[in-house]
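Results of the structural survey
In case you want the letters, here they are:
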Amino acid sequence: MNLTLKVWRQKSTSEQGKLVEYKVSEISEDMSFLEMMDVLNYKLIESGDDPVAFDHDCREGICGMCSMFINGEAHGPNRGVTTCQLHMRSFKDGDTIYIEPWRSAAFPVIKDLMVDRSAFDRVQQAGGFISVNTSGRTLDANAIPVPKEDADKSFDAATCIGCGACVATCPNGSAMLFVSAKVSQYALLPQGQVERKERVLNMVKKMDEEGFGNCSNIGACEVQCPKNISLDNIARMNREYLMASIKPEN
Amino acid sequence: MTLDAKIPSGSIDQKWTKYKNSVRLVNPANKRNIDVIVVGTGLAGASAAASLAEMGYKVKALCFQDSPRRAHSIAAQGGINAAKNYMNDGDSTYRLFYDTIKGGDYRSREANVHRLAEVSANIIDQCVAQGVPFARDYGGLLDNRSFGGTQVSRTFYAKGQTGQQLLLGAYSAMSRQVGKGNIQLLNRHEMLDLVIVDGKARGIIARNMVTGELERHSAHAVALCTGGYGNVFFLSTNAMGSNVTAGWRAHRRGALFANPCFTQIHPTCIPVSGDHQSKLTLMSESLRNDGRIWVPKFKEDAEAIRAKKLRPNDLPEERRDYYLERRYPAFGNLVPRDIASRAAKERCDEGFGVNSTGEAVYLDFSAAIVRYGKAEANVKGLHNVTDAEILKLGKKVVEAKYGNLFQMYEQIVDENPYETPMMIYPAVHYTMGGLWVDYELMTTIPGCYACGEANFSDHGANRLGASALMQGLADGYFVLPYTIGNYLADEIKTGSIPTNTPEFDEAENNVRKQLEGFFTNGGTKPVDYYHKKLGKIIWDKCGMARNEEGLKWAITEIKKIREDFYKNVRVPGSMKGMNPELEKAARVADFIELGELMCLDALNRNESCGGHFREEYQTPDGEALRDDENYMYVAAWQFTGNPSEPNLIKEDLIYENIKVSARSYK
């Protein structure tokens, strides 16, 4: 198929960017979206132009690095998939496709479609862990049974890949879905209880400091999350936060 | 040069204990004055960085991705082995040790492997304490499944995302130390040279991938936890950015590279669909717990299937060939990866392949769906259930176990694997070879360590499934934190290491010269042009089957690619700022040199073992034929300045605890 691409080009964080039009031809519907971008870049390099910079690594939907806003949707038109898992069979010959970076105050553009998501790392550093040293001298793994339902819910929250689609798609640039997934993973496990209150307070504080907006219950994050992280996590985090704020001494 | 693996004396099950009891320590006050650089933040790197920082060392951790959490360990699917014997099926440390040595076709080091088996159980305890949500049964206890090459269930898992959960666990431990200021995190940084002062590793040159600047970082020790080199094949299940550069630059500085020809071709990957493909996707080995592998028994059926005149579901049982169950009745579909891959290739080469390219076999879940459906009906006390209801119940169970894998498959292939059997074919997945290390995980450069897939030590000529995660975490959590002290105990008086020295100047200039050369050569061809060309040669001649003639041809061709590459590659842009093509060019330059070494190593090893299958050396029924008399050694290669003329240095492998015999899974 033949396509028209309108791609966001921006040389660096401080420079102005704009949409630039490119044509690509002979795109197979079996290609992934990023393989289509490879075709474009190969052509650009051969003709002496600067290829489009974009983040990507595993190309199997798990590393969370790819991050394109395609036709106004984070990771494109399909649900429950990352950009790298989006295939060209989801488009038609002759389509015009708009490709933009994640847009959020907390995620400055580095170049073209690449953004800086290190704010997520810093939120994690503020409390996204259980304080146990790696001695190997911990309890036997089966010493504390965990109800299967809790373990499964904790796992579902933990499958967040930290791609930032939730922030990109939120009109407020809120990171509540990301942060709440981490808070929930630990809140649901016995191992996470000791630091439960501190954790949610510290992570939320850091989240606000990093410039992420507030949640106003729109729910777009859940819709466009490639890993189907549930809004229930946000409700849980609000509860955790409230409990921790009311009775900080316990 | 002779190699000393520094294996402690004593009986195999006492070596590690004895070592830990007698190894030198660094006191806490001195640790604060010692810098350690950890390159790479996958399972080995993140766990090493976290552990070393907890101990009190000052750690710098580098990753080329935008966050440590993206390292490719994240993509490991099926599980992690540990000798816990929770299933009460006769597992033990010795059995894990034995299975790993045998699985590696008797080409790994006994002492290292035994240590790995010993610490395996601690890994699970540690991860659970960190909040890793492993799969549990209804009693709330941990669940296990089976992987290839074993007859017990010792694999812990978190659905098809075990690597993700373990890496996020290590990343959380690391994040805690970053928050405390004990780790300085350098994301979007790539190591491009190792700096050696007075024979010791004293730092690195790294490129800041955002600004483009070359940076000098000094340390008292450098740990390379940089993964494998599977991307030398261009198409592999590795991430696009996975590369050998850190390890290769250390090799050029004197670290020996061991067994480069030992590469793992994984049997169950989604087949190649066309020339546009940029990478391949694995379907976890855990699927072989429940999936049965087959091709049509008769060529006319295979032809009809390829022509889409016949649907696989309509082919009756008696016209199917479950070739693994037929050839290897004792292990069936759970034979080790090298054997399963070769068997698939053999059937496809004979004309029984089932997709349009003829390079695919079926992985079929229909029997498992029915089996689980019936069990589920019993559990729920349902009687007189229809076949359709049983299928529905069974699909639910399969979805709970492998849901994300089935979804990935459907995304890529556009077929529903619950309804039609998956099509799979072998693809490059893991590299057993890597930097030579001794028992302490130190390379031949003092102060330079290699952990995880980046070293060669534990998997011999073939790695068993679910053992990569085990090794990465064992090295980072439980081995390096002990062994590094033995070296650093001599460094307590060194003080901080200056970077304004001739050695750092030389290394930085060396990197700058190479990178600048890419912009001034007047070339016209994109980096990928060379990478694809190199990958095809290595896949064809140094892939699942190798022979003398092919390897010699490949070596000549790779030399030509190397010359042409420097003359004609085109890298747009400049040294300044973000430049992904420049990053790729530097990596491919190293892959080209490594590719030649792989072929030289494969040519030298006149035997077949594990993943290294030389067509000249096979049994009458097509199994690998080892030559223990002449090749029971680690081939460690020394860089001489000319990539085509490395020196071979041998480390003899001595088996005192396991009887070396022909490897049989029949």
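Residues numbered from 1 in each chain as written. Chains lettered and ligands numbered in written order. Predicted model: local features only at pLDDT ≥ 70, side-chain atom pairs only at ≥ 80, totals over all residues. Heavy atoms only, no water.

Structural notes on the packing of aromatic side chains
Residues and elements named next belong to chain B. Here is the rule: Here is the rule: rings of Phe, Tyr and Trp (six-membered ring for Trp) pair when centre to centre is within 6.5 Å. Planes less than 30 degrees apart are stacked, more than 60 are edge-to-face, and the remainder are tilted. Helix and strand labels come from DSSP, where a helix needs a run of H or I of at least four residues and a strand needs a run of E of at least two; each type is numbered from the N terminus. Exposure is judged per residue with a 1.4 Å probe applied to protein chains only, and the accessible area is read against the type maximum: over 50% gives exposed, under 20% gives buried, and values in between give partly exposed. Note on criteria: charge over ring means Lys NZ or Arg CZ within 6 Å of the ring centre, with the direction from the centre no more than 35 degrees off the ring normal.
If you walk through the whole model with that rule in mind, you get 33 aromatic pairs over all chains. Summarising the aromatic geometry, the rings of Tyr449 and Tyr487 are spaced 6.4 Å apart at their centres and angled 75° between planes, so their arrangement reads as edge-to-face. Here Tyr449, found in strand 18 (residues 448–450), pairs with Tyr487, found in helix 13 (residues 468–488); they are 38 residues apart in sequence, far enough to count as distant. A residue is classified by how much of its surface remains accessible, and Tyr449, at 0% relative accessible area, is buried. The exposure class of Tyr487 is buried, given its relative accessible area of 10%. Here the aromatic cluster, defined as three or more aromatic residues joined through ring pairs, consists of Phe518, Tyr529, Tyr530, Phe565 and Tyr566. Its end group placed over the ring of Tyr57, Lys31 keeps NZ or CZ at 5.8 Å from the ring centre.

Things to note about the domain arrangement of chain A
All names here are of chain A. As a reminder of what qualifies: Boundaries between domains were set according to an automatic or database domain assignment. Two parts placed together each lose some accessible area under a 1.4 Å probe, and the buried area is that loss summed for both. The salt bridge criterion pairs a side-chain nitrogen of Lys or Arg with a carboxyl oxygen of Asp or Glu, the two atoms within 4 Å. Counted as a polar contact is a pair of N or O atoms within 3.5 Å, where, for protein atoms, one must be capable of donating a hydrogen and the other of accepting one, and residues adjacent in sequence contribute only when both atoms are in side chains.
Splitting chain A by domain gives domain 1 (3–110) and domain 2 (118–246). Placing a centre on the C-alpha atoms of domain 1 and another on those of domain 2 gives a separation of 29 Å. Across the domain 1 to domain 2 interface the summed buried area is about 1,400 Å²; carbon plus sulfur atoms make up 58%. Its largest share of buried area at the contact with domain 2, domain 1 owes to Gly80, Ala106 and Phe107, together 31% of the area lost on that side. Linking domain 1 with domain 2 are zero salt bridges. One can count three residue pairs in polar contact (both at pLDDT 80 or more) joining domain 1 with domain 2.

Focus on the side chain of Asn243(B)
All names here are of chain B. How we decide: By definition, residues are in contact when any of their heavy atoms lie within 4.5 Å.
Turning to its location among the elements, Asn243 is positioned in the loop between strand 10 (221–224) and helix 7 (245–252). A distance of 3.4 Å separates the side chain of Asn243 from the side chain of Glu190, its partner in a polar contact. A polar atom in the side chain of Asn243 sits 2.9 Å from the backbone nitrogen of Thr245. Discounting residues that sit within four places of it in the chain, Asn243 has contacts with Phe64, Glu190, Thr226, Gly228, Arg587 and Phe591.

Some remarks on the pattern of salt bridges
A side chain with one charge may pair with a side chain of the opposite charge, provided their charged atoms come close. Summed over the entire model, instances satisfying the criterion amount to 77 salt bridges over all chains. We note a salt bridge from Glu60(A) to Lys279(B), for which the minimum N-O separation is 2.6 Å. Of this pair, Glu60(A) sits in the loop between helix 1 (33–46) and strand 3 (69–70) while Lys279(B) is found in the loop between strand 12 (263–269) and strand 13 (292–296), placing the two residues in two different chains. The pair Glu60(A) / Lys279(B) is uniform in exposure class, with both members buried. The salt bridge involving Glu419(B) is made with Lys395(B); its shortest N-O contact spans 3.1 Å. In this pair, Glu419(B) is assigned in the loop between helix 12 (387–413) and strand 16 (422–431) and Lys395(B) in helix 12, connecting sequence segments 24 residues apart.

Digging into the environment of Trp539(B)
All names here are of chain B. Examined against the element boundaries, Trp539 turns out to sit in helix 15 (residues 527–542). For the pair Trp539 and Tyr323, spaced 216 residues apart in sequence, the C-alpha separation works out to 24 Å. Discounting residues that sit within four places of it in the chain, Trp539 has contacts with Phe233, Ile265, Pro426, Ala427, Val428 and Met544.

Considering the sheet that holds strand 3 (residues 80–81) of chain B
All names here are of chain B. Note the following rule: Strand pairing is assigned whenever DSSP detects at least two bridges linking the two strands.
On the basis of which strands lie adjacent, the open sheet formed by three strands has the order 3-5-4 and antiparallel pairing. In this open sheet, the two edge strands, each paired with only one partner strand, are strand 3 and strand 4 (144–145). Here two bridges tie strand 4 to strand 5 (residues 155–156), and the two strands are oriented antiparallel to one another. Its bridge partner lying in strand 5, Arg145 is registered against Thr155.

Points about the interface of chain B and chain A
Let me state the cut-off plainly: Ten residues, namely Ala, Val, Leu, Ile, Met, Phe, Trp, Tyr, Cys and Pro, are considered nonpolar, four, namely Asp, Glu, Lys and Arg, are considered charged, and the remaining ones, Gly among them, are considered polar.
With 78 residues of chain B in contact, the opposing surface of chain A contributes 74 residues. Both sides of the chain B and chain A interface together cover about 6,200 Å² of buried area, and 52% of this is carbon and sulfur. Of all residues in chain B, Arg70(B), Arg136(B) and Arg176(B) bury the most surface against chain A, accounting for 11% of the area lost on that side. Our count for the contact surface shared by chain B and chain A stands at five salt bridges. Where Asp66(B) meets Arg117(A), a salt bridge forms, and the shortest distance between an N and an O atom there is 3.1 Å. Summed over the shared surface of chain B and chain A, the result is 44 residue pairs in polar contact (both at pLDDT 80 or more). Considering every element that reaches the side of chain B that touches chain A, the biggest residue donor is helix 6 (residues 162–180) of chain B, with nine residues. Looking at side-chain class alone, the side of chain B that touches chain A contains 32 nonpolar, 28 polar and 18 charged residues.

Let's talk about the packing of helix 6 of chain B against helix 13 of chain B
Residues and elements named next belong to chain B. Heads up, the rule is: Working convention: axes come from line fits to C-alpha atoms, limited for helices to the stretch in contact. Angles between N-to-C directions cover 0 to 180 degrees. Oblique is the label for any angle not covered by the other classes, which are roughly parallel (under 35 degrees), roughly antiparallel (over 145) and roughly perpendicular (65 to 115).
Close contact between helix 6 and helix 13 brings their axes to 11 Å; oriented N to C, the two are set at 10°. Between helix 6 and helix 13, the angle is such that the two are roughly parallel. Across from Thr162, Gly163, Leu166, Gly169 and Ala170 in helix 6, the residues of helix 13 making contact are Leu469, Leu473 and Tyr477. For the contact of helix 6 with helix 13, the residue count by class is five nonpolar, three polar and no charged.

Concerning the domain arrangement of chain B
Note: interface size is frequently given as the accessible area lost on complex formation between the parts. Residue and element names in this part refer to chain B. Along its sequence, chain B is organised into domain 1 (268–428) and domain 2 (501–652). For domain 1 versus domain 2, the distance between C-alpha centres works out to 35 Å. Residue-level contacts link 11 residues of domain 1 with 11 residues of domain 2. Taking both sides of the interface into account, the surface hidden between domain 1 and domain 2 amounts to around 800 Å²; carbon and sulfur atoms contribute 57%. Counting the surface domain 1 buries against domain 2, the share from its top three residues, Asp338, Arg342 and Lys345, is 51%. At the surface where domain 1 touches domain 2, the tally comes to one salt bridge. For Glu623, the salt bridge identified is with Arg327, shortest N-O distance 3.2 Å. Inspection of the region where domain 1 meets domain 2 yields three residue pairs in polar contact (both at pLDDT 80 or more). Contributions of two or more residues to the side of domain 1 that touches domain 2 are made by helix 10 (337–349) and strand 16. Taken together, the residues that form the side of domain 1 that touches domain 2 break down as five nonpolar, one polar and five charged.

Side note on the nonpolar core
Nonpolar side chains in soluble globular proteins tend to be buried together. For the record, the criterion: By nonpolar core we mean a set of buried residues, namely Ala, Val, Leu, Ile, Met, Phe, Trp, Tyr and Cys, connected to one another through side-chain atoms within 4.5 Å.
The biggest cluster of nonpolar side chains holds 244 residues, and the ones touching the most others in it are Phe212(A), Ile80(B) and Phe134(B). By residue number, the principal contributor to this core is helix 17 (residues 580–604) of chain B, which donates 13 residues. Setting aside anything within four residues of it in sequence, one finds Phe212(A) in contact with Ala106(A), Phe107(A), Ala119(A), Phe120(A), Val123(A), Val167(A), Gly173(A), Ala175(A) and Met207(A).

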